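Below, each chain spelled out in residue letters.
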There are 2 protein chains.
Amino acid sequence: VTDNQQRLTLEDLAIGQIFESETIEVTSDAIKRFAGEFDPQPFHLDETAATKTFFVGLAASGWHTAAMTMRLLVQSVPLAGGIIGASMDEIQWPKPVRPADLLRARTEVVDLRASKSNARRGMGKFKTVTLNQDGDTVQILVANLVLQRRQGIDP
Amino acid sequence: VTDNQQRLTLEDLAIGQIFESETIEVTSDAIKRFAGEFDPQPFHLDETAATKTFFVGLAASGWHTAAMTMRLLVQSVPLAGGIIGASMDEIQWPKPVRPADLLRARTEVVDLRASKSNARRGMGKFKTVTLNQDGDTVQILVANLVLQRRQGIDP
């Protein structure tokens with residue numbers, strides 16, 4: 001979906017609506033590359049060193065999981081104006097992400113609200129659960145996203 | 001600090017304690033590179049396209065800001081066993097991060113707790129504010145981090 005007028009506004013969404021993403025494969029190289037730039041700690045950088053840590057083996061940075069989930073969100077939730085997070089209510093990482101994991105994101109509309117000060121905008125609360133190939137939850141994210149109203153949609 | 005025994009355990013921390021990071025420079029190239037991989041939306045990818053969006057100009061992905069903040073945290077908060085986030089209570093992005101911004105992170109210990117089930121572990125709540133060169137807050141993060149106890153420190 002590239003035409004903004006085909007994308008979803010506040011009026012097109014409903015509480016309880018679900019969006020399912022494609023999958024993304026996690027590689028050992030990608031884990032180490034992300035960690036080298038943003039989270040240089042032994043359990044994200046080196047298989048051998050990682051065995052002696054809390055994670056007992058190489059694990060992706062939680063921020064890498066969040067970033068991969070964002071990619072899945074952009075692909076699966078076609079909001080008018082794009083996916084713009086104002087804030088996050090919570091992030092949990094119940095289980096580590098490992099090399100060769102296949103991740104997907106399942107997003108549910110939890111709340112919808114019109115803006116009181118701007119007739120062209122609203123806010124939506126979205127709960128995104130990131131799952132691995134075994135169906136284990138590796139991340140829970142509750143995000144407050146900026147929405148466009150149908151009458152205010154940008155051309 | 002590379003020797004784990006010189007790093008901070010639960011017993012070495014105090015509520016109200018502050019950690020100040022070095023700075024990191026945000027470049028237009030880094031914004032676009034991160035976005036290309038994880039958040040491919042016009043306002044993070046292209047200066048011209050970005051002028052017509054919510055951000056009215058190129059802005060870093062919030063997840064890029066979070067990832068850069070993690071790098072500053074790893075550099076500035078020397079916890080025994082590393083910085084391991086169990087969950088985040090909130091993330092806010094009150095102001096966009098722009099090319100040429102110079103970011104730093106200021107972290108405060110908000111709460112400390114021993115684990116009831118594991119005598120070697122505890123949890124700490126840390127509030128990290130990410131500031132730009134003008135002193136504006138670009139991110140507020142409240143993180144629950146895994147702590148080691150002094151008697152349980154890994155060699």
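Here, every reference points to the structure presented above.
Because the structure is predicted, anything quoted here is derived from the model rather than measured.

1. A closer look at the overall build of chain A
And step 1. Helix and strand counts for chain A come out as four helices and five strands.
And step 2. Mapped in sequence order, the helices and strands of chain A form the string β-α-α-α-α-β-β-β-β.
And step 3. In terms of overall dimensions, chain A has a C-alpha envelope of 55 × 25 × 25 Å along the principal axes.
And step 4. Going through the 155 residues of chain A one by one, you find that 50% of them count as buried.
And step 5. Counting contacts in chain A only where the partners sit at least 6 residues apart, residues at least 24 apart contribute 69% of the total.
And step 6. Total accessible area on chain A stands at roughly 7000 Å², and carbon and sulfur atoms take up 49% of it.

2. What about the interface of chain A and chain B?
And step 1. If you look at the interface, chain A gives 35 residues, while chain B gives 35 residues.
And step 2. The junction of chain A with chain B conceals about 3000 Å² of combined surface from both sides, 64% of it contributed by carbon and sulfur atoms.
And step 3. Taken as a group, Phe38, Phe54 and Trp63 of chain A account for 23% of the area that chain A buries against chain B, more than any other trio of residues on that side.
And step 4. Across the contact surface, chain A and chain B share two salt bridges.
And step 5. A salt bridge links arginine 33 of chain B to glutamate 37 of chain A, with the shortest nitrogen-to-oxygen separation between them at 3.3 Å.
And step 6. Scanning the region where chain A abuts chain B turns up 14 residue pairs in polar contact (both at pLDDT 80 or more).
And step 7. Taken together, the elements giving at least two residues each to the side of chain A that touches chain B come down to helix H1 (28–38), helix H4 (62–76), strand S2 (85–92) and strand S5 (137–148) of chain A.
And step 8. Grouping the constituent residues of the side of chain A that touches chain B by class yields 20 nonpolar, eight polar and seven charged.

3. Side note on the packing of H4 of chain A against helix H1 (residues 28–38) of chain B
And step 1. Where H4 of chain A contacts H1 of chain B, the two axes come as close as 8 Å, and the packing angle between them is 70 degrees. It follows from the interaxial angle that H4 of chain A and H1 of chain B lie roughly perpendicular. Contacts between H4 of chain A and H1 of chain B pair His64, Ala67, Met68, Met70 and Arg71 of chain A from the former with Phe34, Gly36, Glu37 and Phe38 of chain B from the latter.
And step 2. Classifying every residue of the contact of H4 of chain A with H1 of chain B by side-chain character gives five nonpolar, two polar and two charged.

4. Some words on the relation of the copies chain A and chain B
Here the two chain copies are tied together by a rotation about an axis and a shift along that axis.
And step 1. Least-squares fitting of chain A to chain B yields an RMSD of 0.0 Å, with the superposition described by an axial translation of 0.0 Å and a rotation of 180 degrees. The transformation relating the two chain copies, once decomposed into turn and shift, fits a two-fold axis. Across chain A, the smallest distance between a C-alpha and the rotation axis is recorded for glutamate 90 of chain A, namely 2.6 Å.
And step 2. Mapped onto chain B, 100% of the interface residues of chain A again fall at the interface, so both copies present the same surface.

5. Things to note about the packing of aromatic side chains
And step 1. For the structure on display, the rule yields 10 aromatic pairs over all chains.
And step 2. Between phenylalanine 34 of chain A and phenylalanine 38 of chain A, the ring centres sit 5.1 Å apart and the planes meet at 55 degrees, which makes this aromatic pair tilted. With phenylalanine 34 of chain A and phenylalanine 38 of chain A both in helix H1, this residue pair falls four residues apart, about one helical turn.
And step 3. Consider the rings of phenylalanine 34 of chain A and phenylalanine 38 of chain B, whose centres lie 5.8 Å apart with planes at 80 degrees: the pair is edge-to-face. One end of the pair, phenylalanine 34 of chain A, is in helix H1; the other, phenylalanine 38 of chain B, is in helix H1, on a second chain.

6. Remarks on the pairing of S2 of chain A
And step 1. As defined by bridge partners, S2 of chain A adjoins S5 of chain A across six bridges and the pair is classed as antiparallel. Its bridge partner lying in S5 of chain A, methionine 88 of chain A is registered against alanine 143 of chain A.
And step 2. Where S2 of chain A meets strand S2 (residues 85–92) of chain B, four bridges bridge the pair, whose relative direction is antiparallel. Bridging across to S2 of chain B, methionine 88 of chain A finds its partner in isoleucine 91 of chain B.

7. Here we look at the pairing of strand S4 (residues 121–131) of chain B
Residues and elements named next belong to chain B.
And step 1. Where strand S3 (residues 102–114) meets S4, 10 bridges bridge the pair, whose relative direction is antiparallel. Within S4, the position partnered with valine 109 by the bridge is phenylalanine 126.
And step 2. As judged from the 11 bridges shared by S4 and strand S5 (residues 137–148), these two strands associate in the antiparallel manner. Bridge pairing links threonine 128 to leucine 141 in S5.
And step 3. Hairpin connection from S4 to S5: five residues lie between these consecutive antiparallel strands, with glycine 135 at a positive phi of about 85 degrees.

8. A few points about the sheet that holds strand S1 (residues 18–25) of chain B
And step 1. An order of S1(A)-S3(A)-S4(A)-S5(A)-S2(A)-S2(B)-S5(B)-S4(B)-S3(B)-S1(B) is seen for the 10 strands of this open sheet, with the pairing classed as antiparallel. Either end of the sheet is taken by a strand with one partner, and the two such strands are strand S1 (18–25) of chain A together with S1 of chain B. Neighbour to neighbour, the strand axes of the sheet diverge by 20 degrees on average, direction disregarded.
And step 2. Contacting S1, S2, strand S3 (102–114), strand S4 (121–131) and S5 of chain A together with S2 and S5 of chain B, H4 of chain A runs over the sheet at an angle of about 125 degrees to S1 of chain A.
And step 3. Across the face of the sheet, helix H4 (residues 62–76) of chain B comes into contact with S2 and S5 of chain A together with S1, S2, S3, S4 and S5 of chain B while running at roughly 125 degrees to S1 of chain B.

Thresholds applied
- All residue numbers here refer to positions counted from 1 along the written sequence of the relevant chain.
- Whichever chain is written first becomes A and whichever ligand is written first becomes 1, with later ones labelled in order.
- In view of the model being predicted, local features appear only for residues whose pLDDT reaches at least 70, and side-chain atom pairs are presented and counted only at 80 or more, with totals across whole chains, interfaces and linings using the full set of residues.
- Only heavy atoms go into the side-chain values, all of them from the structure, while hydrogens and water stay out.
- For helices the rule is a DSSP run of H or I covering at least 4 residues; for strands it is a run of E covering at least 2, with both sets numbered from the N terminus onward.
- Each residue is assigned to one of three classes by its accessible area relative to the maximum for its type, calculated with a 1.4 Å probe on protein chains only: buried under 20%, partly exposed between the two thresholds, exposed over 50%.
- The contact definition used throughout considers only heavy atoms, calling two residues in contact when any of these lie within 4.5 Å.
- All accessibility values rest on the Shrake-Rupley procedure with a 1.4 Å probe; residue burial counts only the protein chains present in the view.
- Buried area: the accessible area, evaluated with a 1.4 Å probe, that two parts lose upon being put together, summed over both parts.
- What makes a salt bridge here is a side-chain nitrogen of Lys or Arg within 4 Å of a carboxyl oxygen of Asp or Glu, nothing more.
- Counted as a polar contact is a pair of N or O atoms within 3.5 Å, where, for protein atoms, one must be capable of donating a hydrogen and the other of accepting one, and residues adjacent in sequence contribute only when both atoms are in side chains.
- Classes in brief: Ala, Val, Leu, Ile, Met, Phe, Trp, Tyr, Cys and Pro nonpolar; Asp, Glu, Lys and Arg charged; the others, Gly included, polar.
- Working convention: axes come from line fits to C-alpha atoms, limited for helices to the stretch in contact. Angles between N-to-C directions cover 0 to 180 degrees.
- When an angle is under 35 degrees it counts as roughly parallel; over 145 it counts as roughly antiparallel; between 65 and 115 it counts as roughly perpendicular; any other value is oblique.
- In superposing the copies, a least-squares fit is computed on C-alpha atoms, taking residues whose pLDDT is at least 70 in both.
- Side-chain rings of Phe, Tyr and Trp (the six-membered ring for Trp) are treated as a pair once their centres are within 6.5 Å; stacked means planes under 30 degrees apart, edge-to-face means over 60, and tilted covers the remaining angles.
- Strand pairing is assigned whenever DSSP identifies at least 2 bridges connecting the two strands.

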